[in-house]
Amino acid sequence: MSSSRDVVLGRVRRALGGPAGEPVSYDTDIDRNYLREHGERTVEQTVDLLAKNLADYRAIVHRTDSEELPYLIMRLLSARGPETVLVPPGLPPEWMSAADPPRIHDRAVSTAAELDRVESVVTGCAVAVAETGTIVLDASPDQGRRRITLVPDHHLVVVRVPDQVVSAVPQALERLDPTRPLTWISGPSATSDIELDRVEGVHGPRTLEVILVSGD
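The structure presented is a predicted model; accordingly, all values stated were derived computationally and were not measured.

(A) Main features of the overall build of the protein chain. Broken down by element type, the protein chain carries 6 helices and 12 strands. Taking the intrachain contacts of the protein chain between residues at least 6 apart in sequence as the baseline, contacts between residues at least 24 apart amount to 70%. In the form shown here, the protein chain has an accessible surface area of approximately 12,400 Å², with 52% of it arising from carbon and sulfur atoms.

Below you can see the structure in the form of structure tokens.
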């Protein structure tokens, strides 16, 4: 006996031109002949598109090179004046070598109340998607646990250019491990009420700053 779910899925598969039965293998039985990116772009154009779409989402975008990165992070943190900065355990130490605020490290025993007292967090990323202006975190050592980027009010994320930048979502998915806790960030946290009044910082950082860093 087929369930209602099986009947509906069978109709969907037939409508898409495939067999009505459940695929034996999603890698081979599902037609993936779709565009992997929209249009052809150079590396520079892809990075420019990422910066444009990030800005459209109200993220603050900076560009620098690896030599100047520690000093840019120092200036950005100094401008906000946080008393403490949260850093994941695998953050490259040279990134914070010029910054002054005391650092709080990502710990499993940290409570939500403790994280709420942290004003800024600095992380790396797994990949950045130019067409959607999206930063993806996968909880790698330079990014830390998901919660450290959701509770503090200010998130400063570093994207290595061009290694971590792709044009479109299908290319990003090829780089990501689906078994890891993935966080997809398109601009600072925001929501709107029924009258479309925008409120930022409800379920994540109110301010997202993205540094596009070139070089090793």
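(B) Inspection of the pattern of salt bridges at higher detail. This model, assessed by the stated rule, comprises 7 salt bridges. Salt-bridge contacts for R5 lead to D6; the nearest nitrogen and oxygen are separated by 3.9 Å. Given the relative accessible area of 59%, R5 is considered exposed. Note that R145 and D106 form a salt bridge whose closest N and O atoms lie 3.1 Å from each other. Here R145, found in the loop between strand 6 (134-137) and strand 7 (154-161), pairs with D106, found in the loop between strand 3 (103-105) and helix 5 (112-116); they are 39 residues apart in sequence, far enough to count as distant. The class of D106 is buried, set by a relative accessible area of 14%.

(C) A look at unusual backbone geometry. Cis geometry marks the peptide bond from V161 to P162; its omega dihedral reads 5°. When you line up the elements, P162 lands in the loop between strand 7 and strand 8 (165-166). Even without glycine at this site, R58 takes up a positive phi of about 75°. Although it is not a glycine, A139 adopts a positive phi angle of roughly 65°.

(D) Highlighting the nonpolar core. Judged by nonpolar contacts, the single largest core of 18 residues is most densely connected at L50, I135, V157, V159, V210 and L212. Among the secondary structure elements, those contributing two or more residues to this core are helix 3 (43-56), strand 6, strand 7 and strand 12 (207-214). Residue contributions to this core peak at 4 residues, all from helix 3. The next biggest cluster of nonpolar side chains, apart from the first, holds 16 residues, and it includes V87, L91, M96 and L156.

(E) Local environment of the sheet that holds strand 9 (residues 183-185). On the basis of which strands lie adjacent, the open sheet formed by 4 strands has the order 8-5-6-9 and mixed pairing. Edge strands, defined here as strands with exactly one partner in the open sheet, are strand 8 and strand 9. Alignment of strand 6 against strand 9, held across 3 bridges, turns out to be antiparallel. Counted as the bridge partner of I135 is I185 from strand 9.

Rules of the game
Residues numbered from 1 in each chain as written. Predicted model: local features only at pLDDT ≥ 70, side-chain atom pairs only at ≥ 80, totals over all residues. Heavy atoms only, no water. Helix = DSSP H or I, 4+ residues; strand = E, 2+ residues; numbered from the N terminus. Contact = heavy atoms within 4.5 Å. Areas by Shrake-Rupley, 256 points an atom, 1.4 Å probe, with all protein chains shown as cover. Salt bridge = Lys/Arg side-chain N within 4 Å of Asp/Glu carboxyl O. Buried < 20%, exposed > 50% of the residue type's maximum accessible area, 1.4 Å probe, protein only. Core = buried A, V, L, I, M, F, W, Y, C linked by side-chain atoms within 4.5 Å. Pairing = 2+ DSSP bridges.

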